Amino acid sequence: MSGGRPRLAGTTAVITGGGRGIGRAVAEALVERGAAVLVAARSADEIEATAAALRERGAEAHAVPCDVTDEAAVARLAAAAEERLGAVDILVNNAGAAFAQPLHRLSLQEWTDTLAVNATGPFLCTRAFLPGMVQRGRGRVVAVASVAGLTGAPYVAAYAAAKHAAVGFVRAVAAEVAASGVTVNAVCPGYVDTDMTSASIERIVARTGRTEEEARAAILEHSPQGRLLGADEVAAAVAFLCSEDARGITGEALVLDGGGLRR
Ligand code: NDP
């Protein structure tokens, strides 16, 4: 913010997976720009802690437990959001889970679960919140996808398929509502310094016998910048896409990966 009225003052936002990691950083970034927020995830303690920390900063922040793969739970989330925030201007489909397994060991259940949280969740949430935005002629939907939504890599067939689905969904829905004033976009980060990446490092150590340092180095190889992204960097990109300045951007998949996909 460069002085004056915060860019998102008077807006309302729902952030899925807002209890930790990127989702929590997005909630912080939107609040910093003046939005009132509601964070949703399965772990009630984490979303309550996020909302409480934001309220301590003087923000309006609510927490509603929700499993985004559950149609009825998403309907309850939409009702709770309307009750607490009123009309919802911004939906950030951030809830997700990574999964790595060589294809021959990938079970149907693992495939289905990975698709459910990363692709069906954004579908259910967008379907719940988008009609109100279209009716009001303004709104923002942003999906936190991944570089795995644009390219493949070994052992992540389910995750890559799910994130490609999320990116395809964004492009199709953006086209569907383009004339309404609502934009629909994705951000596609490379590895971000969150619990999810720590778990990936632990998994590499457990499966390959490499040291933690070696496993971390293998992950850093994906970035020409040789570093993990900060959750705050992803959050800043999401906040930009939610701003009035980004009104001409829709159906876009914004890559944040230190140049990895450009090699
Ligand atoms: P975390 O594991 O730290 O956080 C994931 C969040 O999603 C948690 O709040 C979790 O809460 C929530 N979540 C998971 N499953 C569900 C569900 N079924 N219903 C509701 N909420 C759910 O991950 P990150 O912050 O790293 O990741 C956030 C997003 O960014 C994900 O979509 C991920 O795929 C994507 N991403 C991450 C990258 C990384 O390197 N970390 C890189 C590129 C993309 P709970 O478990 O309590 O439900």
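Residues numbered from 1 in each chain as written. Predicted model: local features only at pLDDT ≥ 70, side-chain atom pairs only at ≥ 80, totals over all residues. Heavy atoms only, no water.

Counted under the stated rule, the structure contains 9 salt bridges. The closest approach of N and O atoms between Glu 46 and Arg 20, which form a salt bridge, is 2.9 Å. With a gap of 26 residues between them, Glu 46 in helix 2 (residues 44-56) and Arg 20 in the loop between strand 1 (12-16) and helix 1 (21-32) connect regions that are remote in the sequence. Arg 138 is the partner of Asp 89 in a salt bridge, and the nearest nitrogen-oxygen pair spans 2.7 Å. One end of the pair, Asp 89, is in the loop between helix 3 (71-85) and strand 4 (90-93); the other, Arg 138, is in the loop between helix 4 (108-136) and strand 5 (139-144), with 49 residues separating them in the sequence. Its relative accessible area of 6% is what places Asp 89 among the buried residues. Residue classification places Arg 138 among the partly exposed residues on the basis of a relative accessible area of 43%. Look at the salt bridges and you will find they share partners, linking Arg 20, Glu 46 and Asp 195 into a network. (Salt bridge = Lys/Arg side-chain N within 4 Å of Asp/Glu carboxyl O. Helix = DSSP H or I, 4+ residues; strand = E, 2+ residues; numbered from the N terminus. Buried < 20%, exposed > 50% of the residue type's maximum accessible area, 1.4 Å probe, protein only.)

Within the element layout of this structure, Val 238 appears in helix 8 (residues 231-242). Exposure remark for Val 238: the relative accessible area of 0% places this residue in the buried category. It is 8.2 Å that separates the C-alpha atoms of Val 238 and Val 144, two residues lying 94 residues apart in sequence. Apart from the residues within four sequence positions on either side, Val 238 is in contact with Val 26, Val 92, Val 142, Val 144 and Val 187. (Contact = heavy atoms within 4.5 Å.)

Quick look at the site of the ligand now. If you check the shell around the ligand, you find 29 residues, and the closest are Arg 42, Ser 43, Tyr 159, Val 192 and Thr 194. Here an oxygen atom of the ligand sits 3.2 Å away from a polar atom, N or O, in the side chain of Arg 20. One nitrogen or oxygen atom from the side chain of Arg 42 is found 2.7 Å from an oxygen atom belonging to the ligand. When the free accessible area of the ligand is taken as 880 Å², the share hidden by the protein chains comes to 95%. With 3 residues, the top contributor of residues to the shell around the ligand is helix 6 (residues 195-208). Residues belonging to the shell around the ligand are distributed by class as follows: 13 nonpolar, 11 polar and 5 charged. (Near = heavy atom within 4 Å. Polar contact = N/O pair within 3.5 Å; in protein donor to acceptor, adjacent residues only side chain to side chain. Areas by Shrake-Rupley, 256 points an atom, 1.4 Å probe, with all protein chains shown as cover. Nonpolar A, V, L, I, M, F, W, Y, C, P; charged D, E, K, R; others polar.)

What is shown is where atoms sit, not what they do.
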